[in-house]
Structure formats: C-alpha cells, structure tokens
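# Understanding the architecture of this molecule
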Amino acid sequence: MGIRDILRESYNSSSLLKAIYDTAVINSENRNIVISELVRLHNENCIDIVNEFKLLSNEPSVGMDFFFMRQIFEEVLIGIEAPISEVMDCVISLYREAGNDFAAGSVIDAYISFCTIDSNRPIVALNEIFNNPKPFLILLTPTLIAGSKIDKDTYLSKTVELCNYDHQEFKGKAIFAISKINWTGNPELLESALSELEKSSENETEEKVVASIMKSSFSLYKQDNSMEKRVNNLVEKLIKNDKEKNYYAASELFCNEIEELPNSLVNILIDYFAQYKQSCSHSLRNLDYGISRLLKKGIHNDKALNLLQDLLLVSPRETTINEFGITARVICDDRNLHSKVLTRWFLNGNPYLCKAIQSISSFHHGEEKLIEIDPAELDITDSSSVIFIARKSIGYLFQTPISATSALISLIRNSSNSKTKEMLKDLLFDPMLINYPGKVKEYLMKLSDIEVGEVKKVVDQALVKIEQYLEDLRTVGKLNALHPSKAQQEGYYRHFAQLMGKSLKEAERKSVFLHLVSKNVILYGRKWINYCYNSEGEACRSEAPLLEHTSEVEFARLEILDPFGINAMLRQFRYEGVST
Amino acid sequence: MKLIIKQYLSYLRERDELDVILPDLLSQMGLNVFTRPGRGSRQYGVDVGAVGELEGEPEKVYLFTIKAGDLTRNDWDTTPQSVRQSLNEIVDVFICNHLPAEYHNKEKEVCICIGGDVEENVNLNIQSYISDNKKHDITFSIWNGDKIAGLIQDYFLKEELMPEKFRSNLRKSLSLIDEPEAAYKYFAMLIESLSATKIRNNKERITILRQINVCLWILFSWAREEGNIEAAYLSSELTLLHAWEKCNFNNIKQRKLQEQNKTAFLGIYSTYLQISNTFHNEIIPHASKLHAISSAVNASCSLDVNLKLFDLLSRLATEGIWIYWHLDNCSEDGIDNNSNLAQEINLRMEAIKNLINNNQILLQPIKDDQAIDIWIAIYFLALEEKNYPYIKEWLAEVYFRSSISYQMHGKYPCILSSYSELLSHPISKDEEYRKDVTSGSILYPIISLWAALLDDKEMYDAISEFKINHLQHCNFQLWYPDEISEENIYTNSTEHGSALSNVCVERSKEEYLEQVFGECDNSFYFNELSAVSKDIWPLIIVACRHYRLPPPIHLLKGYYQDYQQED
C-alpha cells in the first residue's frame, strides 16, 4: 500500500495523525513525501488536515512527539487552501498546546507565511479578529506583519491607526507589531509610528504595553538612528512615569537590545537601575545578561560594576551573586576584570561583596586560579589597605589556598614598604603554609624558581620558616602512645563514610548528568561488555574499559589541630572593618 | 610463660630495672636481702647482697653483680665497669672489707646475674676466671635469663600463686600491646583478679603485691620494646591504686606489717613512676615546638587531638605533683637531691605551659569532664605563685572559647562521653539538644572556683553572667568524698561521694567560696581517706584522673586560707 493510500485509509478510520507519525516521523526518509501527499489530499478535499491537526495534543500519553508533528503541519500549511478562520483556530490551538516551550511561536511564523501567499488572507483574518476578538486577537500582530509584507503602506498605516484604538488589547498588540515590522523606506509612517508611541507613552500604565512601547520605539531607532534623542526621552519618560512597574520592561530592553543600545540610553538605563534597585528575579535575570554583555565588550565597565555592586547590596540576603551567574562567569574568565573586582570589593570590605568574590572564584574549575591584585584600585603605599586586602583574601579564599596565596604574592610584588612585606610574609607562613604545607609549599617552591628580587626573597624566607616548622614536627618521630585507639579510628571512618555517603547521594540527586543517563553498577572486572539491539532486533556487542577517577583534597591542618583558632582567625579576617 | 618472662628479662636495663626486680625475687625465695642497689656510693662490684638457704643448700651469702642483656666479650673485660673488674672487686675488696661481720664465716657465692645469655665466645674466659679464683669458701655461679625466668615463674607465677586464667589475661594483654585499650582491659582484669584473691596472712598479701609488680614490669618492658607504652601507663595507674587498696593501711595496725606492705607498695610506686617518666620523657622535649604534640597524635579529626591532649595535660601535671610531694616529704634526702627535684618540677611546669601555648586545642575542652584534667594542671601550676597570671590567662581563654562555642552552636563542652556521639557533636542546633548535653557541669564551677581563689573578679563575674544568661538549665556542681569513698576510690568498684548541686556561682565570689569550702567541713570524709591520712594524697589525684572524678575541693583549702588572709 502506498503512502497516499495509507494516509487516506487512516483518515477514514480516524487515525490520520497516528499514520502521519508512523510514516513521516518514525521513518524520516518518508517525511517530504508525506507532506506533499497531505497537501494534495487536502486540496483534493479527500482529507481535512486543518481540522485533524486541531486535535493534536501535547500529552505524553498520546505517544507522539508533538513538536515533530507540528512541524509537519507548519510545512503542510504553506501549500494548502483552507478557510482562514479554520486555520486561525488550528494555529491558536497548536500555539497554546505547545505551552511555554521555546518553539511555541514557530507555528505563528507558518501562519504569517500562509497569510502572505494570498493578499486576501490578511484582510479576511483582520475581519475575523475584529468580529471575534476573544479567540483571534492573539493573531493580530502576525496578521499585520503578514499584511505589511504584501502591502506595506496599507498595513503600516493600519498599524499606526490601531495604536490609537480604543480597545486596550488591540492597541497593545498594534504597538508590539511596530517592533516587528520593517519600516524602512517609509520615513513618514515611521515618524508617525514614533509619534503614536510618544502619545501612547503619555498615559500608558499597562505594564505589557509599556514594554511594547519601549521595544517598538527602540526598533524604530534601529531603523533610523536619527531618532536617538526622541527614543531616549520616550524611554526615560516611561520609566519615570512608574519607576517600579516599568522596571521589568526596562530590564527586558537592557537585556535584549544591549548590543545595539546607544551609549546615551545605556547610561539612562544604568542610572535608573542603580537608583531604583529591585530584587525581582525576572528583572535580575535580564540585568545579569545586560551587565555581562557590557563587561564582555569592555564598555561602561565601571558603570556596570557599580550597578552590579548596588544590586548585590539591595537585599543581600536574597540577592546574591548566584542571581548574576552569567556576569560572574564573565568576571571569573577575564583575568583583569577579576583582579579589578576582587581588589575593589575586598577593599570595600562589605561581607556580601566579599562573599560574592568567593562565589565568583568558585566558577573556575580545574587548577586553582592565580589571583592578581589590581594596583589601580588601591593605594599600594597605604600599608593598612594592603594588609586589609591580604587578610580579606585569606578570609574568603582560604578554601582555595593557591588563589589566596597568589593574592598575597601579588601584594608583595606591588608593595614597596618593607614592614608591610614582613607582615605579608607572616601571613604567608601562618595561616597559609602552616595549613597547607603540601600544595601551597609546592606553589611557592615553583615560584621561587622563577621569581627574582624582593618576591623571591620573601618567598624563600617563608619557605625556610615552614621547613623549620616541619622539621620540628619530624623530630618528634612516631609517638604511638598518643595515637587514637583502633576503636576510635574505626569509629571515625564509619562517621566519615556516613557523611560521604550522604553527600554523595545529595550530589547524585542534584546531578543533571545522572538524570540524563541510566546507572549500572559493575561489581567485578576492569571492562564492561554490553549488547544493544537495533530496530531489526540484531544484537550489537560493545566493550569499553572502566576508567578510574580520583581526586585529592588537602584539608587545612588547623581544622584538626586548632579548629576554633583557625575559624576565629578567618572570621576575624572576614569581618574586620565592617560596621555592624 | 617462661619464654615471655625470659623475653621480658632480656628487655630490662641494668640500672633501676633488673636490679630492682632481683631483690624482690630473692625476698620471695626466702633470702634476706642486706644490700640493695644504690646510687652514688661505691658498691665494690656488688649490686645486690642476700643471705639464706636456697634449694636445700646450707645458708650462704649471695653476692650479685648485674649486667643487663647478653654478656659479650666487651662486657666481660674491657672497661673499669666490666664484669671481670666487678668480680675482682667483690673478691678483693667487698668480701674482705665490706661484708657485714656476721656473714664472714658463711660460704659466699658470687653470682653473675645477666638478663640474657652468656655469648659463646666469652664462656671459656668466664670458666677460666672461675677456676682461677674459686676458694674453699667462695664459689661462683651464673644466673642467666633462663634461670631467673624459671625462678620468677616458680616463685611468682606458678599455678598455685597465679591460676592459668590470670596468666592468660597477662598473655592477652602482652599480645595486644599495640592496641592499648584492649591490652589495658586484659591487664585490668588480671590486676582485679589478683587484688580480689583471698589471703590468709600478710605474707600472702606481700606475694600478691610482688606479683602485681612483676606483671606490671613485664607489661612495661614489652610495651617499651614495642614502642607503645600507653597500655603500660594506664595499667600502672590502675595497679598503683589497687596496690594501695590491697595494702589496707587503715586496718593493719602492726608497725612491722605496715612497713612490709609499704616496701612492697613502694616497689609498685617506683615502677609507676618509671613508666610515667618514660612516657613523659618522650613528650617534654617536644612541648616547646608549635603543634608538635598535636601533630604527633596522628589524628583523623580534631576530637582525637582534643581527647589526647587534655589527657596528656593531666598526666604531665600528675607526675609533677608526685615530684612535688616527693620534695615535700623527703627533705632529708639532701640539698642536691632537693634542688634536682625542684628543677624537675620547674621543667614540668614549663612543659605544661609550652604544651598549652603550642597546642591551642588545650584552650577548648569538648567534654565537660576535661575539667578534671584542667583542675589537675592548674593545681600543679598553682604550686608556684609566679604561674598565677598564666593560669588566669589560660582559664580566661578556655572560658571565652567555651562560651562563644556554646552561643554559636559550635563544639562547646558537653556531658556526652561516647566517642561516636562526640564525633557528631553538636548533632543539631536545636535548643533542646543543647540543653540536654549541657544539663550539668563541673567545668564552669571549677573555672569559677579558681577565678575566685586567684582573685580574678572579671572572669568570675563573666561566668556568673554566662550562667544567668545562658545556662540556667545547667546544674553547676562539685564533688565531695563520702563515707564509702575510702572503700571505692582506689578501685572504682561502685559510685561513691556526693555532688554539691547548684553551686552558687551567680552570687559573689566570697559567698561561693564560703559555700564550697563550708561544705568541706560538712563532708569531712576526705580526711578519712587512707591516702590522705598516710600523707600520700597525690594518690587521690591519680584516682580522680584515672576514674574521671573531680578532685576533692579539700585539696584547695590552703588556697582558700591564703585568700582569706589576704582579704
């Protein structure tokens, strides 16, 4: 039986969608044939594909991939003849069925293409929308876009006209449509569109409409840069009208258009965000992206950093650097920027900013990051500032000892005062070397080989000191009488294994990777052998070696020898200089 | 068993070890020991001299020259201290000029006593020497490790004296020496069994005391050889306490019997001191090095360091207290010896201060009963007034860390005792849990007590305030001996004593001191403790340390009197 017959027969037995799925989705090589047969069958009135797809459901229980099926409809739609109202019904149904998926809007594009094929279709569609706005209003913007592609002047005028429409929802959709329509070649209409937007901005309070005005006005600016000042004024006026309500709209503009915003508008927006800080998560997400782009481009660095700093301090318990994940990653990846932020925020001393530095550093994976202090951010001759930063670096980066030590080295390198260097050397010894005689010592030994002058001298002195300390420990030898008893050792291992097991389970629970793959436990051997079966049921043998993963962590020694002391010291380093 | 004893003998050193065991053995064999090892004065080759009948032979004078380990060619004849020289001196000088007159007419047997064996290549030399120097009334013999082991077995450890069950505990203890807790457990069973053995007369009591001492020596020498004397240390404390109890000084009134018992007890005391000294000699030189002792604990977690270091603190202080007691009681020993003892005391005081300074874990007890260790350490340090500022400083830091940890739900002092519970402590930040594990305390009242005695008003008031603001639920208490303490304090056979509950640290320090020391008058059983009445009070500190009891407040009465006079 040919595909055409299969489709036809299945239509008669009310199982067309299933047949499409089986023939076109599972066997993808039939896809194009199925699409062209569906168009033919529909146009020959053998089947009603529009009404069939109206019934397509996104429920997993249906057993069909909704989005693959909808794609077939989108391609079929371009080739068929069908009453516009039925198509609108079906498109809206498929749009809604998609839910919040990113691909939800693709069916709208197909609808625009469908309307563009016949100049009559947008006219009929508009009539349907006006006559029956409740279900169809959602298609006003795509209909106007489709119309403008056929008859620019008429539909641009129509759009501008609708911006004045009494019906608030019509108005909002029309304003939104301005941002989606290509106005080039129609300066007068473009001018009138902006004027309409300016007019609307006077009294508009609806949050969504304000967002559309902002977006549309900026879209007009992109098509005619001479409108910069007017667009700036418009945006400024909107955000001043209702500082709180319009925050999200402004943040959306900042996020979506940051690459093309004129400097003047960037300044307006940054000043506004800094002044009327909010901690709404959606707005913060937009600001995160905007700030990260600014920092990445290296423009408005200071302003962007100040904005980030202000935002982190609005409600610091709720808004942490984790809300600015993209920005944090950009800072972490840019050595100079990282130095700048670290120096500035450690010098500021605010615990929330310092904790943010800690989090930013944790974005770095692999070997510990070497940190440089930015001398431009502090008065290096001021001993108290230097020591202040050194102690903050230790306080907050103690768990990444190489990073903390590299910060101290950087301060030693930049410092000219011998007393300050002496104090930095002491910090290098205690707490850094005393706690991490493994990795920190190794790092300093490597440094000693490549450094010259003062830094080498200080590093060598610190190394001599730790060597003496370790030698003292070695001279004690093995004092078996002091060792914990076997029962205590076993008790501790049990306790530790329980803690590890608990945290492993927690990590597995959170692991994205483990949610994507299934887990098999191999009890014996060093390789695994597996048989897979293809669609014909043929077994395919695969064999793979098992890999070993180990990781090593050096714990701070004083966590065992003097936990209170080391924690008190770190706490002091973190919170000194902070007014309560 | 004989192999074990032989092995033990080969581990012994000459000075203070083999020469200490031998007189006990000879006495047990029925000989009368007239010369014991001494230091300083010349012995003309004789380390131990005894007289009596042995193995059916006529009464003889036995003169021993002692050499530890195997007898080699070097030991035989190369230096002025070699065995040949000693034998010459015995024959030429001692027998002629120093042997007590009443023994001149008796036969003399010169015994070469060695812990190990005579090496093959020196055997001929010895035999030649013996045949050249043998006279009608002077004979020679060799007492090697094998012979002495046989004698020890026959006279101390034979079935009639020590049943197989007891000996089995000794063997188990020796085989588990690198697991001190287990080794101690079996040794404790042995000591408890020996102590509980019914006796018919004082001779049997003395035999048991000597057996205990020999067993302790065997354990010590094996432990030392294995490089882990922890089991020996713990066992020596227990042995000392049980031995005192066994001496029964409160009930034996005959002076002669008391003297015999005292001699036997002093043998055990001397072994205890030797073990304690050996233990601390490994520690003291490293106390002045930063983190050296903490690191040597080889700990998996801070709890291990904490438990070990507080324990070590009170061990060191207890030894210091014994030396102080010795200095106080043995003033007739001469100026030189007193000055040495004073130096030893000073050495231990400095060691304790260094230990605290260089191992900061000693600033933060995790168990409330570590107050006992703190108490003992302060008691020792406070023997010198110059240490008062240091004590105040230390206690202030202990209090600071404990109170901050409590307020922040950190590792604050608690009444938990099991290791696994302490590992997880604090298991929750729940208020109920915190109240539960701090429902009673001796730590804070003891700090308050010392703060009051040392006139540290600031610290006293701070604790008082802490109690009012945070520890209302906690029963601050102190311990006093009661009428059954004498029966139990040395063996810990049952709970004894009384707790002075809810001591009034919230009131002024004068009122607090009055309450605490006033109670000493009401709880007067302290003075009835035999260790106190016989003026060997450091034994009470050993008992409190070993069985984890707060030392009686009565020991501080002198400080209270000083305080009152100054006031």
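Residues numbered from 1 in each chain as written. Chains lettered and ligands numbered in written order. Predicted model: local features only at pLDDT ≥ 70, side-chain atom pairs only at ≥ 80, totals over all residues. Heavy atoms only, no water.

Right, let's talk about the sheet that holds strand S1 (residues 32-35) of chain B for a bit. Residues and elements named next belong to chain B. Spatially, five strands are ordered S1-S2-S3-S4-S5 in an open sheet, and the strand pairing comes out mixed. The strands lining the two open edges of the sheet, one partner per strand, are S1 and strand S5 (138-143). Direction aside, the axes of adjacent strands within the sheet are offset by 25 degrees on average. Of the pairings in the sheet, the one linking strand S3 (residues 60-67) to strand S4 (residues 107-114) comprises eight bridges and is parallel in character. What sits directly across from Ile66, in S4, is Cys113. Of the strands in this sheet, S1, S3, S4 and S5 are in contact with helix H4 (residues 83-98), which crosses S3 at around 150 degrees. (Pairing = 2+ DSSP bridges. Helix = DSSP H or I, 4+ residues; strand = E, 2+ residues; numbered from the N terminus. Axes fitted to C-alpha atoms, helices over the stretch in contact; angles between N-to-C directions. Contact = heavy atoms within 4.5 Å.)

Right, let's talk about the packing of aromatic side chains for a bit. For the structure on display, the rule yields 40 aromatic pairs over all chains. Look at Tyr492(A) and Phe496(A): their rings are 5.8 Å apart centre to centre, the planes differ by 25 degrees, and that puts the pair in the stacked class. Linking Tyr492(A) with Phe496(A), this pair stays in helix H28 (residues 486-510), spanning four residues, or about one helical turn. A residue is classified by how much of its surface remains accessible, and Phe496(A), at 33% relative accessible area, is partly exposed. Each member of the aromatic cluster is reached from another via a ring pair, and the members are Tyr399(B), Tyr406(B), Tyr412(B), Tyr444(B), Phe466(B) and Phe476(B). Note that Lys147(B) overlies the ring of Trp143(B), its terminal NZ or CZ placed 4.9 Å from the centroid. Sitting over the face of the ring of Phe279(B), Arg315(B) holds its NZ or CZ atom 4.8 Å from the ring centroid. (Phe/Tyr/Trp six-rings, centres within 6.5 Å; stacked < 30°, edge-to-face > 60°. Buried < 20%, exposed > 50% of the residue type's maximum accessible area, 1.4 Å probe, protein only. Lys NZ or Arg CZ within 6 Å of the ring centre and 35° of its normal.)

A few words on empty space enclosed by the protein. Applying the stated criterion to the full structure yields two cavities of 30 Å³ or more. In terms of lining, the largest cavity is formed by Asp368(B), Tyr406(B), Pro413(B), Cys414(B), Val437(B), Thr438(B), Gly440(B), Ser441(B), Tyr444(B), Leu471(B) and Cys474(B). Residue composition of the lining of the largest cavity, grouped by class: seven nonpolar, three polar and one charged. Roughly 40 Å³ of volume is contained in the second largest cavity. Surrounding the second largest cavity, Ala211(A), Lys215(A), Ala249(A), Glu252(A), Leu253(A), Asn256(A) and Glu257(A) form its lining. Secondary structure elements with two or more residues in the lining of the second largest cavity: helix H14 (207-223) and helix H16 (247-256) of chain A. (1 Å grid on protein atoms, 1.4 Å probe; cavity = no way out; pocket = protein on both sides within 12 Å on 5 of 7 lines; lining within 4 Å. Points joined across faces, edges and corners; volume = space filled by probe spheres on them. Nonpolar A, V, L, I, M, F, W, Y, C, P; charged D, E, K, R; others polar.)

Summed over all chains, the structure comprises 71 salt bridges over all chains. In this structure, the salt-bridge partner of Lys439(A) is Glu368(A), at a minimum N-O distance of 2.9 Å. Pair noted here: Lys439(A) is in helix H26 (residues 439-450) and Glu368(A) is in the loop between helix H22 (351-362) and helix H23 (383-397), with a separation of 71 residues, a long-range link. We classify Glu368(A) as partly exposed; its relative accessible area is 21%. The closest approach of N and O atoms between Arg84(B) and Asp77(B), which form a salt bridge, is 3.8 Å. Via salt bridges that share partners, Glu230(B), Glu237(B), Lys308(B), Asp311(B), Arg315(B) and Arg545(B) belong to a single interconnected network. (Salt bridge = Lys/Arg side-chain N within 4 Å of Asp/Glu carboxyl O.)

Attention now goes to the pairing of strand S2 (residues 48-52) of chain B. All names here are of chain B. The buried fraction of S2 is high, at five of five residues. What you see with S2 is no split at all: Val48, Ala50 and Gly52 on one side and Gly49 and Val51 on the other are buried throughout. Bridge count for S1 against S2 is three bridges, and the pairing is antiparallel. What sits directly across from Thr35, in S2, is Gly49. For S2 and S3, the ladder comprises five bridges, and the chain directions are antiparallel. Its bridge partner lying in S3, Gly49 is registered against Leu63.

A word on the interface of chain B and chain A. Each side of the interface is counted separately: chain B has 42 residues, and chain A has 30 residues. Counting each side, the surface lost to burial between chain B and chain A is near 3000 Å², with a carbon and sulfur contribution of 65%. The interface formed by chain B and chain A holds one salt bridge in total. Linking Arg401(B) and Asp562(A) is a salt bridge whose minimum nitrogen-to-oxygen distance equals 3.0 Å. Of all the elements in the fold, those that place two or more residues in the side of chain B that touches chain A are helix H11 (255-283), helix H12 (292-296), helix H13 (302-329), helix H16 (388-407) and helix H17 (419-424) of chain B. Ranked by residues supplied to the side of chain B that touches chain A, first place goes to H13(B) with six residues. Taken together, the residues of the side of chain B that touches chain A break down into 19 nonpolar, 13 polar and ten charged. (Buried area = accessible area lost by both parts, 1.4 Å probe.)

Here the focus is the packing of helix H15 (residues 371-381) of chain B against H16(B). Residues and elements named next belong to chain B. Where H15 contacts H16, the two axes come as close as 10 Å, and the packing angle between them is 160 degrees. Relative to H16, the element H15 lies roughly antiparallel. In terms of crossing hand, the pair formed by H15 and H16 is left-handed. The segment H15 lies against H16, with Ile374, Ala377, Ile378 and Leu381 engaging Tyr390, Ile391, Trp394, Leu395 and Val398. Residue composition of the contact of H15 with H16, grouped by class: nine nonpolar, no polar and no charged. (Parallel < 35°, antiparallel > 145°, perpendicular 65-115°, else oblique. Left-handed = near helix turned anticlockwise from the far one by under 90°.)

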